Amino acid sequence: MNVIIIEDEKPSARRLQRMLKTFDIEAETMLHSVEESIAWFQNNEHPDLIFLDIQLSDGLSFEIFDAIKITSAIIFTTAYDEYALQAFKLNSIDYLLKPIDDEELETAVLKFKTRLPKKQSVTLDFNEIKKLLINPIEREYKKRFSVKVGQHLKLVNIEDIECFYSENKGTYLHTAQGRNYLLDTTLDNLESELAPVQFFRINRKFFVNIQAIKDMVSYTNSRLQIKLNNYNEQDVIVARERVKDFKNWLE
């Protein structure tokens, strides 16, 4: 199987390359920009599968398709889960949210192998998706959550929530008053429900509220440890692959 990686952050590209090796997939070609990718496609046979980052150093990766008729299957990789990803799924095998998880990568690869897609040109409406990415539409995000307390329902306002976290296959919110409540949803579903200016997904297990951050300290392997105002039940660590985006989000 001929596989290439298009990713502008070289450490992320190398990490994905190593992860693919565990599935006996060699991705020897790694491209890092729109310009480099266009030049490569003009002079090489198109691969069976592309792992494609949405945002590259010199523009959105969709610009590649403006210049080249791509005939490969695509698995999108992105740190921005709120961006039109259902549309991506219509014309790609899957998408992977950074930091990429081993199990999700395996599922996406198996999905590709099962479908054994014939090569066909990608037909996404790139202009519409570009508009969404560059000028995200105004939308309503959740202002409160209903939680069950015994036989009663309680409303928790979004500004009273310090973080959302997963534990033992359950999803919880933690309030500024120090209470934990089980939710009938998943962290993945929360991606589109939480205002991105207020909440950030620092790793697979946590969303944190910017207003609840008390301190940030350096942690092992180039990560950051977050201290929240009240939550202290487990370490709150920014994944290494998310540190750069997290710092940008803080500003």
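As a reminder, the structure under discussion sits directly above these lines.
Residues numbered from 1 in each chain as written. Predicted model: local features only at pLDDT ≥ 70, side-chain atom pairs only at ≥ 80, totals over all residues. Heavy atoms only, no water.

A.B. asks: Describe in detail the pairing of strand β15 (residues 213-219), supporting the description with residues and values.
C.D. replies: Where β15 and strand β16 (residues 223-228) come together, six bridges link them in antiparallel fashion. Opposite D215, over in β16, you have K227 as the bridge partner. (Pairing = 2+ DSSP bridges. Helix = DSSP H or I, 4+ residues; strand = E, 2+ residues; numbered from the N terminus.)

A.B. asks: Explain the sheet that holds strand β17 (residues 237-238) residue by residue, including any values.
C.D. replies: Strand order in the open sheet formed by three strands is β15-β16-β17, and the pairing between neighbours is antiparallel. Either end of the sheet is taken by a strand with one partner, and the two such strands are β15 and β17.

A.B. asks: Describe in detail the side chain of E7, supporting the description with residues and values.
C.D. replies: Relative to the assigned elements, E7 resides in the loop between β1 (3-6) and α1 (10-21). Contacts of E7, omitting those with residues within four sequence positions, involve S12, A13, L31, H32, D53, L56, T77 and K98. (Contact = heavy atoms within 4.5 Å.)

A.B. asks: Talk me through a positive patch on the surface; I want residue IDs and the actual numbers.
C.D. replies: Taken together, K10, R14, R18 and R240 make up a surface patch of like positive charges. Tracing the chain through its elements places R14 in helix α1. (Patch = residues over 30% accessible without salt bridge, like charges linked within 9 Å, V, L, I, M, F, W, Y side chains within 5 Å. Areas by Shrake-Rupley, 256 points an atom, 1.4 Å probe, with all protein chains shown as cover. Salt bridge = Lys/Arg side-chain N within 4 Å of Asp/Glu carboxyl O. Lys, Arg positive; Asp, Glu negative; His and termini not counted. Charge placed at Lys NZ, Arg CZ, Asp CG, Glu CD.)

A.B. asks: Outline empty space enclosed by the protein, listing residues and values.
C.D. replies: Enumeration over the complete set of coordinates arrives at one cavity of 30 Å³ or more. Estimates place the volume of the largest cavity at around 110 Å³. E7, S12, L16, K98 and I100 are the residues nearest the centre of the largest cavity, which is lined by 14 residues in total. Residue assignment for the lining of the largest cavity shows that the elements contributing at least two residues are β1 and α1. In terms of residue count, α1 provides more of the lining of the largest cavity than any other element does, five residues in total. A per-class count over the lining of the largest cavity returns eight nonpolar, two polar and four charged. (1 Å grid on protein atoms, 1.4 Å probe; cavity = no way out; pocket = protein on both sides within 12 Å on 5 of 7 lines; lining within 4 Å. Points joined across faces, edges and corners; volume = space filled by probe spheres on them. Nonpolar A, V, L, I, M, F, W, Y, C, P; charged D, E, K, R; others polar.)

Read these as layout, nothing more, since geometry by itself doesn't imply function.
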